[in-house]
Every structure is written in C-alpha cells, then in structure tokens.
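Topology and contacts: notes
Read off the chains here:
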Amino acid sequence: MRNVALPAVSRRAAMRSCAHDESEAMTRRDTTTVREDSESDAPSASATRINIAPVKACTQTLRLKVKRESYAWLNVAAMEVNTVWNWGAQVSEKAARPCAGPRKWLTGFDLCSHSAGASEYFQKIGADTIQRVNCEYAQKRSTVKRVRLRWRTSRGARRSLGWIPFKAASLKRQGRAVRFCGKTFRVFESERLDGASWKQGCFAQDAVGDWWLCLPVSVSIGETVAPQEEVGIDLGLKDTAVTSDGDRCERGTFYRDIEQKIAQAQCRGHKRQAKRLHRRAANRRKDALHKFSRQIVDRYQRIAVGDVSSLKLVKTHMAKSVLDSGWGMLRTFLQYKSQQAGRSFQIVSERNTGRTCSNCNSVSGPQGVNGLRVRRWMCAPCGVWHDRDINAGKNILRRAEWPASVCGNESSILRIPPRRASRSRKAGIGTAGSRA
Ligand SMILES: [Zn+2]
C-alpha cells in the first residue's frame, strides 16, 4: 500500500536527487521510510531525508462513453463474461469443498489452465477476456477469503451491471475508433486516447445501461510548489467544507433539487428516467467536489482534513443531507490529487474541533446537538469571537502533524506543541510516513 502523504520534493532535495538516478532515489526512499518506522525517536536528520519521494507518474482512468450502436454487442458479450465468472465460481468452490480427496484453493492460473480452449464456445469474447475474468475472480476471492463469490446474473431485476475486461494487446486504436474482438467501437471524445498507452482495461456498464470504455493510463506529473503553506478543512452539513482561511464549498442540493422529479418518474414507472436523474445528481456532486478539491490542491502545500464519518449520521434524520454532501468522495479526491501534485495530506481526528478555541485551546464552545445551531460564539476565557466552521478548520490544521521540513515553503512556527510531538513519536504514530 502506498503512503497517503507522500512528502513533496523540496527544490533543494530535487536538485540533490538530480545527481542520482531514479532507482537509487527510490531505494533510498524505501530505506528511509523503514528506518523512520522502526526507530521511534529518530533524529530530524533522517526525517528530512524522506523528502526524496518523486512521484513521476501516476495512473488515471480514462472513461469514454461508447456510442450506442455497440450496446447490443456489448450486452451479449457481458452475458458471456457472466457465464465464465459463474463457471469459475462453480469450479473453484468444488475444488475447495470436494466430495472426496484433498482440498485445493484454485488460483487464477489454475482456472486459466482449466478453461484453456474455452473461447471457441463463445461468440463474442476471446481467450484474453476469459483469462482476465478468471484472474479477477481468483484475486477477489482471495481478498475477501470466501469459498465462493456471488453469482453474476444476466437477467432480471437483480441483474449484474455489464463488465467486459480485456488485456492491453486486445484493444487496438483504429483511426478515431478502437478495435476489440474483431469489432470496431466508436467512442465519444476519442481524441483523449491520443498518445495514451494502457495496460489493461474494461468495458463497464452503468446503472442507466450506458457503456463506458475504462482504460487506466499512466500520466506523468510535474510537481509544483503551491503558493500557500497549509490549510485545515472542516467537513460539515451547513457547508460541505470550510477551510481554515474561510473559503467555503457550498452545500450542494444536488439530490434535493431533483428529488421531486425522481419521485414522479418512479410513480409513473419510468425506471430509466429515474436512474438517469440519479446519475445527473451524482455527476453534479462529483463536479462540484472536483472543482473544490482542485482549487485546494493548487493553492496549498499541506492539507489536513477531519475524519468525520458519514456512517453514523446516515442513520439520523440528516441522512439525505449527509449523503448529498459527499464527504468521503471529497477526501478521496483531495488525497489522490495531493499525491499527484506532491502535497502532504492528512486525515486527523475531528473530536472537539468545533468546541475548542483555536486561540487559547480551551474547550469552551457550544456543546451538543443544540450547539450545532450556533454558528458564531465567543470564547469565555480569552474573549475571541469565532466562526464555528473556520475555528474547526484551524483546529484540524493544528492537529495535523507534518514530517519535519516537507516542502519548499517551510513553516517558521512549530505547529505541534513539543510535548505532544515527542509523545506521538514514541508511540510511532502521527508521522505522515507511517500512515497507511
Ligand atoms: Zn479562547
């Protein structure tokens, strides 16, 4: 697993690493990370060395909509994939629980060798897709450690969404279209495929029934140094996110806006229309969160986010608002975007951040559910007025513990009180390197 917070390359460190080649830098990064984990009270000299963490390339998924004329072909191919999947499920279950003889846990390789020559029984898919399905099945089964995974169903209300995986070599570019299994597929925005090289990918269907070509491609990233130093982000319901500098990501009412229309469509039995509306809400939400996270990552070098969980709150009367806010999605976007841009990213505990005064550190703010209504409050001990969300953002920022000397624009003030810093270092927690 990769570290969440890959420290950015400082200009100095980058110049130093230019002398060495990439592999050397990588090994040094590995060794220093290990050393930091094992030595609890390592001196700051070793901590500065982990800054050489070049992220030269990352994987992004190109998602291109397939034109409608190919849907029929893809639907049939998806059924064939389901057949292969269910065959794999059956065979591997039988091997794991045999009537007699020793048990065997079949790997993807075993399944592939058992299914050799099966492609002649299928009209659409080829051997490479069969092998990918087998390997995917075996891998997923090992991950969840279950004897059998759920069947893939091709028909009925609980139909599995179509999925056709393939290997890199089986998808070829042909002019503005792509060729797969002897058929030409036209896609929208085909110019995005220019210069892209993919390893493997899949055709995937969404709930509405549209097909998408998904290709993981590696893109090179230029690490930059952000103009501003650090930010803490408080996730909430009034506004989806509020930064410690007072920027707000307004609460989206993506679902609420079209709730009525969805209800009407469902009443009239227009299932497809309802699904389409759901997809529109999801797309609008995603778009807003993408824009906000991009803005944050472009502006700040270190980003701390609260760990508020939607799991508990969805059981309350706030469920719709919680689900509409997309906290988890925003965190994911911030995380991968910071990784790509070489920023430091941390998720910190939100506990009491709303009540603690960011000025004098006393827990004096409004408490409880009724306290949530209070948007501005005055700290009694020090007399400073706080905006609830901005104060929480500041507290989140203070709780984040950054590895020493992360980036080009160093902080002059030590944000963590020294006593707490040494304690967390002894426990071996809190440093960005050790977080998964
Ligand atoms: Zn105070």
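Residues numbered from 1 in each chain as written. Predicted model: local features only at pLDDT ≥ 70, side-chain atom pairs only at ≥ 80, totals over all residues.

1. Some thoughts on the overall build of the protein
A tally of regular secondary structure across the protein gives 14 helices and 14 strands. Looking at the protein residue by residue over its 436 residues, the buried ones come to 31%. Sequence-distant contacts in the protein: of pairs separated by 6 or more residues, those separated by 24 or more amount to 70%. (Helix = DSSP H or I, 4+ residues; strand = E, 2+ residues; numbered from the N terminus. Buried ≥ 20, exposed ≤ 12 C-beta atoms within 10 Å, placed from the backbone. Contact = placed C-beta atoms within 7 Å.)

2. With respect to the environment of A78
With respect to the helices and strands, A78 occurs in helix α4 (residues 71-96). Beyond its immediate stretch of four places on either side in the chain, A78 contacts G162, W163, I164 and Q205.

3. Focus on the sheet that holds strand β8 (residues 228-235)
Strand order in the open sheet formed by 5 strands is β10-β9-β8-β11-β12, with mixed pairing between adjacent strands. Of all the strands in the sheet, the pair left with one neighbour each is β10 (248-250) and β12 (344-348). Strand-to-strand twist across the sheet, computed as the mean angle between neighbouring axes with direction ignored, equals 20 degrees. Taken together, the 3 bridges between strand β9 (residues 239-243) and β10 define a ladder with antiparallel strand orientation. Its bridge partner being in β10, V242 is matched across the sheet by R248. Sitting on the sheet, helix α8 (residues 271-299) touches β8, β9, β10 and β11 (300-306), and the angle it makes with β11 is about 130 degrees. (Pairing = 2+ DSSP bridges. Axes fitted to C-alpha atoms, helices over the stretch in contact; angles between N-to-C directions.)

4. Focus on unusual backbone geometry
At C181, a position not held by glycine, the phi torsion is positive, near 55 degrees. Positionally, C181 belongs in the loop between β4 (177-180) and β5 (183-185). C181 gets classed as partly exposed once you count the C-beta atoms within 10 Å, which come to 19. Although it is not a glycine, N361 sits at a positive phi angle of roughly 70 degrees.

5. Details of the pairing of β8
Taking burial as the measure, the 8 residues of β8 include 6 buried ones, the bulk of the element. The sheet contact formed by β8 and β11 spans 5 bridges and is parallel. Paired with I233 across the bridge in β11 is V305. The sheet contact formed by β8 and β9 spans 3 bridges and is antiparallel. Considered in β9, the bridge of I233 is made with T243. The loop that links β8 with its antiparallel partner β9 comprises 3 residues.

6. Observations concerning the sheet that holds strand β3 (residues 171-174)
Read from one edge to the other, the open sheet built from 3 strands follows the order β3-β4-β5, with strand pairing classed as antiparallel. The sheet terminates laterally at β3 and β5, the two strands that pair on one side only. Averaged over all pairs of adjacent strands, the angle between strand axes in this sheet comes to 35 degrees, irrespective of strand direction.

7. A closer look at the packing of α4 against helix α6 (residues 127-144)
Closest axis-to-axis distance for the α4/α6 pair is 9 Å, and the angle between their directions is 45 degrees. Between α4 and α6, the angle falls in the class oblique. By crossing handedness, the relation of α4 to α6 is classed as right-handed. Contacts between α4 and α6 involve V81, V84, W85, G88, A89 and S92 on the former and, on the latter, T129, I130, V133, N134, Y137 and R141. Within the contact of α4 with α6, the residues separate by chemical class into 7 nonpolar, 4 polar and 1 charged. (Parallel < 35°, antiparallel > 145°, perpendicular 65-115°, else oblique. Left-handed = near helix turned anticlockwise from the far one by under 90°. Nonpolar A, V, L, I, M, F, W, Y, C, P; charged D, E, K, R; others polar.)

8. Side note on α6
Its 18 residues place the ends of α6 26 Å apart at the C-alpha level, agreeing with the 26 Å of an ideal helix rising 1.5 Å per residue. Buried within α6 we find T129, I130, Q131, R132, V133, N134, Y137, A138 and R141. For α6, the elements touching its buried residues are α4, α5 (108-114), β2 (163-167) and β6 (200-205). Phi for K145, located one or two positions after α6, is positive at around 55 degrees. (Expected span 1.5 Å × (residues − 1).)

9. Details of the pairing of β6
Sheet analysis places β2 next to β6, joined by 5 bridges and oriented antiparallel. Across the sheet, the residue bridging to F166 is G201, located in β6. The pairing of β6 with strand β7 (residues 211-220) spans 4 bridges and is antiparallel. For A204, the partnering residue across the bridge sits in β7 and is W212. Two successive antiparallel strands, β6 and β7, enclose a turn made up of 5 residues, where G209 displays a positive phi of approximately 110 degrees.

10. A word on the environment of V384
Within the secondary structure layout, V384 lies in the loop between β13 (376-378) and β14 (385-387). For the pair V384 and S358, spaced 26 residues apart in the sequence, the C-alpha separation amounts to 9.4 Å. The contact partners of V384, leaving out residues within four places of it in the chain, are C357, N359 and C379.

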